[in-house]
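A look at the structure
For reference, the chains in residue letters:
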Amino acid sequence: MKISVIVCAAGRGERAEMGRNKLLVPFNGANALYYTLEGVRRLSASLKQKGADEVSEVIVTSSPEDLQEIDALCLPYGYKTVTGGATRSASVANALKEVQGEIVLIQDGARPYTTTEQYLSCIDCVKQYGSAVTAMPATDTTVIEKDGYVNNIPARNAVYRVQTPQGFYTREIKRAYALAANDGGTYTDDGAVYSRYISPARICPCGTESNKKLTYKEDFTDAANDCAIRINEAAAHRCGYGVDVHAFGKKQDFVTLCGVRIPCDTGLIAHSDGDVALHAVMDAILSAAGLKDIGHYFPDSDPAFKGADSAKLLATVIDTVQKKGLKVNGLSVAIQAEKPRLAAHIDKMVENLSKLTGAPKDSISVTAGTCEGLGFVGEGRGICAYCTAVLTQIR
């Protein structure tokens, strides 16, 4: 399905007391709207990777005075801007006039940390139930007030805190907004409009504390602290790169790649077993850990490593980085070879790498290609392997 996304950014943010649109003030090296737009970009990339639905358009609402600045933010993404109205619902109604997708997600610009999973949950909820209102259960007791006194206390397990994104089939939410245009009502979210004119909106219980709306000045301080924590966590990820190459010529009828024996009319010449892919993996892991290369730990001048099983050498490397408090979190291995054909062995290689390194299979990629007859590999003289490794701290 084609998914449209509306990002609401036309407000003034007066409760934040910043003297201008709160979404455009400096925040964590950019501004809050930038991070919201980045979240939508990640959704688009995720859907493209899955090869199913697609984000066909993104429409950002803006006040006239902010239009030039918001246009500039949207330009690199190819997102469209529309002028908003005096209220949030008026702005959404303006944006809906431009929507072409079958499903529309409506997102507050002031929720910069909405996750891809929350967007995807909303899409799934719309497909299953016709609508989706991101929400999370209330943890505090809530009361209904009248004349300054507690008038009613709803059951806590029946109360949810509403967030965005909120999703709907486009034709239905357009009809709801058209009916609400002249009813004089005040709507603070889209689910309320939908519930009044179409049917009760479906709660999508994927809301989280981190998806809070930046409303007051202190919210920006709290969010900045959260962002600093995330940056520190990202810094704990260490990336390394490794490459190795071996020539054909050994008298044997197989090669070994990622610990998998693969039939071939010749073997690879090497001091060890010639597993060129595992050698690249080891160098990448050692590089990420800030250590020396495999030649330092397993020199080809040492008879002890003559014909050595590279899987056993990798076990030593894993033990070495673990002593530094690190573990393998992901691997991307690319193998270039004119022969043998590797497609039928890729899954086994991934499985073996997972067993050898402890990294989850879904964070390991092995790809294979040729060099189209060019160079050392293209002439069928050997195999080259590249690897990028990501390590994380052991907690």
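For the structure, see preceding data.
Residues numbered from 1 in each chain as written. Predicted model: local features only at pLDDT ≥ 70, side-chain atom pairs only at ≥ 80, totals over all residues. Heavy atoms only, no water.

Moving on, we come to the overall build of the protein chain. Of the regular secondary structure elements, the protein chain holds 12 helices and 16 strands. Scaling as 2.2 N^0.38, a compact globule of 395 residues should have a C-alpha radius of gyration of about 21 Å, whereas the protein chain reaches 28 Å, well beyond that. The dimensions of the protein chain, computed from C-alpha atoms along their principal axes, are 90 × 40 × 40 Å. Taken over 395 residues, the protein chain has a buried fraction of 47%. Once local pairs closer than 6 in sequence are excluded, the contacts in the protein chain between residues at least 24 apart make up 70%. (Helix = DSSP H or I, 4+ residues; strand = E, 2+ residues; numbered from the N terminus. Rg over C-alpha atoms; globule rule 2.2 N^0.38 Å. Buried < 20%, exposed > 50% of the residue type's maximum accessible area, 1.4 Å probe, protein only. Contact = heavy atoms within 4.5 Å.)

One finds Leu257, Ile285, Leu331, Ile335, Met349 and Leu353 to be the most contacted residues of the largest nonpolar core, which totals 48 residues. Only strand 11 (254-257), strand 12 (260-263), helix 8 (276-288), helix 10 (310-322), strand 14 (326-336), helix 11 (346-357), strand 15 (364-369) and strand 16 (382-393) provide two or more residues apiece to this core. Counting residues per element, this core draws most heavily on helix 8, at 10 residues. Other than its neighbours up to four places away in sequence, Leu353 contacts Cys258, Leu278, Val281, Leu331, Val333, Gly358, Ile364 and Val366. Counting 39 residues, the second-largest nonpolar core is a separate cluster that includes Val7, Leu47, Cys125 and Leu214. (Core = buried A, V, L, I, M, F, W, Y, C linked by side-chain atoms within 4.5 Å.)

What follows deals with the pattern of salt bridges. What the rule picks out here adds up to 14 salt bridges. The salt bridge partner of Glu69 is Arg20, with a shortest N-O separation of 2.8 Å. Highlighted residues: Glu69 in helix 2 (residues 67-74) and Arg20 in the loop between strand 1 (2-8) and helix 1 (32-50), separated in sequence by 49 residues. Of the residues examined, Arg20 reaches a relative accessible area of 35% and is grouped as partly exposed. Glu351 is the partner of Lys355 in a salt bridge, and the nearest nitrogen-oxygen pair spans 3.4 Å. Taken together, the positions of Lys355 and Glu351, both in helix 11 and 4 residues apart, correspond to about one turn of that helix. Under the relative-accessibility criterion, Lys355 is labelled exposed at 59%. By sharing partners, the salt bridges in this structure join Arg88, Asp108, Arg111 and Asp190 into a single network. (Salt bridge = Lys/Arg side-chain N within 4 Å of Asp/Glu carboxyl O.)

A few words on the environment of Gly378. Tracing the backbone shows Gly378 in helix 12 (residues 375-378). Residue classification places Gly378 among the buried positions, given a relative accessible area of 12%. For Gly378 and Tyr129, which are 249 residues apart along the polypeptide, the C-alpha to C-alpha distance reads 54 Å. Contact partners of Gly378, with chain neighbours within four places excluded, come to Glu338, Cys371 and Gly373.

Sheet faces and side chains relate simply in a regular strand, where the side chains alternate between the two faces. Note that strand 14 and strand 16 share 10 bridges and pair antiparallel. Looking at the pairing, Ser332 lines up with Thr388 of strand 16. Alignment of strand 14 against strand 15, held across 6 bridges, turns out to be parallel. Each residue of the ladder has a partner; that of Leu331, found in strand 15, is Ile364. Tracing the backbone out of strand 14, into helix 11 and back to the parallel element strand 15 gives a crossover that is right-handed. (Pairing = 2+ DSSP bridges. Right-handed = clockwise from strand over helix to strand, strands pointing away.)

Don't take any of this as a statement about function, it's just geometry.
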